[in-house]
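# Summary of structural features
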Amino acid sequence: SLAMKPQVVFVLGGPGAGKGTQCAKIVENYSYTHLSAGDLLRAERGRDGSEFGQLIDSYIKEGKIVPVEITINLLKKAMEETMQLDKERFRFLIDGFPRNQDNMEGWNKVMDGKADVKFVLFFDCSNKVCIDRCLERGKSSGRTDDNRESLEKRIQTYLQSTRPIIEQYEKEGKVRTVDASRGVDEVFADVKTILDKEG
Ligand code: UP5
Ligand code: MG
């Protein structure tokens, strides 16, 4: 049988914009598989015998972007494993990637011709709302980067490195923007409109 090429939606937005929350809701309603690059990196950090554990740990605390070779391998492996288990599962939400030029070049190099990027779902949210949400979550998340010091760095990295990537995709007409500062259900209503239209 013919294997389908992975169909990818990149999900971007600042720290705490609601990428993970909205992806979870999408998965309940559409046949997408959610892959959070951050979650994959945190799992790799905690994996016994990982040669990248310490590097990932320090990058995450510093809000810096991990070298793409590491992230792309985790994403590629997760996509392959998903499709091996069920060949109908070829639609992916790739959450929190690509975050910089290095990420984008790495993706283009490794995935060229192997996956189609349909569009970028951009959760647009003010820095203040983003920071407040992460600090609130930090009370119980156990995440090493949900503190004020790391958050300032995460926001800086987002503004300096990730926004330009979103702008590049915008020029290609590939960005679908959602106002993510509203309540979860209001945001999701807009997400649904976009996904229903894109098919
Ligand atoms: N919440 C969500 N939506 C809400 C709403 N509409 N109203 C009110 N509250 C809302 O949500 C964050 C919090 O806000 C939660 O408590 C939620 O209940 C609430 P969440 O859905 O988790 O937001 P999300 O955008 O997913 O936030 P997250 O913190 O995961 O975003 P980041 O982009 O900062 O984190 P990520 O895990 O993607 O990356 C972490 C680090 O990993 C990066 O800083 C980087 O160091 C590294 N990384 C890489 O190096 N490369 C990668 O490719 C990816 C990550
Ligand atoms: Mg997340």
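These remarks concern the structure in this document.

### What about the sheet that holds strand β2 (residues 33–36)?
The strands that make up a sheet pair up through hydrogen bonds in the backbone, lying either parallel or antiparallel. Strands sit in the order β2-β3-β1-β4-β5 across an open sheet of five strands; the sheet is parallel. The open sheet is flanked by β2 and β5 (175–179), the only strands paired with a single partner. The average undirected angle you get between the axes of adjacent strands in this sheet is 25°. As paired elements, strand β1 (residues 7–13) and strand β4 (residues 116–124) share seven bridges and run parallel to each other. Bridge pairing in β4 links F10 to V120. Set on the sheet, helix α2 (residues 37–45) makes contact with β2 and β3 (91–95); between it and β2 the angle comes to about 60°.

### Some thoughts on the packing of helix α4 (residues 68–85) against helix α5 (residues 101–111)
For the pair α4 and α5, interaxial distance at closest approach is 9 Å and the crossing angle is 45°. In terms of orientation, α4 and α5 fall into the oblique class. In this structure, α4 crosses over α5, and the sense of that crossing is right-handed. Contacts between α4 and α5 involve V68, I72, K76 and M79 from the first element and D102, N103, G106, W107, V110 and M111 from the second. Its residues placed into classes, the contact of α4 with α5 shows six nonpolar, two polar and two charged.

### Overview of the site of ligand 1
Neighbouring ligand 1 are 30 residues; T21, K64, R99, R137 and R154 lie closest to it. One of the backbone nitrogen or oxygen atoms of A17 is found 3.3 Å away from an oxygen atom of ligand 1. Contact between ligand 1 and G20: an oxygen atom at 2.9 Å from a main-chain N or O atom of the residue. Protein coverage of the free-state accessible area of ligand 1, which is 1,000 Å², stands at 85%. Mapping ligand 1 onto the cavity grids shows that it belongs to the largest pocket. For the shell around ligand 1, the secondary structure elements donating two or more residues are α1 (19–29), α2, α3 (53–61) and α6 (127–141). Grouping the constituent residues of the shell around ligand 1 by class yields ten nonpolar, ten polar and ten charged.

### Quick notes on the side chain of E44
Take E44: it is sitting in helix α2. The exposure class of E44 is buried, given its relative accessible area of 8%. Here the side chain of E44 touches R47 through a polar contact of 3.0 Å, side chain to side chain. In contact with E44, other than residues within four places in its own chain, are S50, F52, I56 and L74.

About the criteria used
Residues numbered from 1 in each chain as written. Chains lettered and ligands numbered in written order. Predicted model: local features only at pLDDT ≥ 70, side-chain atom pairs only at ≥ 80, totals over all residues. Heavy atoms only, no water. Pairing = 2+ DSSP bridges. Helix = DSSP H or I, 4+ residues; strand = E, 2+ residues; numbered from the N terminus. Axes fitted to C-alpha atoms, helices over the stretch in contact; angles between N-to-C directions. Contact = heavy atoms within 4.5 Å. Parallel < 35°, antiparallel > 145°, perpendicular 65-115°, else oblique. Left-handed = near helix turned anticlockwise from the far one by under 90°. Nonpolar A, V, L, I, M, F, W, Y, C, P; charged D, E, K, R; others polar. Near = heavy atom within 4 Å. Polar contact = N/O pair within 3.5 Å; in protein donor to acceptor, adjacent residues only side chain to side chain. Areas by Shrake-Rupley, 256 points an atom, 1.4 Å probe, with all protein chains shown as cover. 1 Å grid on protein atoms, 1.4 Å probe; cavity = no way out; pocket = protein on both sides within 12 Å on 5 of 7 lines; lining within 4 Å. Sits in = over half its atoms within 2 Å of the grid points. Buried < 20%, exposed > 50% of the residue type's maximum accessible area, 1.4 Å probe, protein only.

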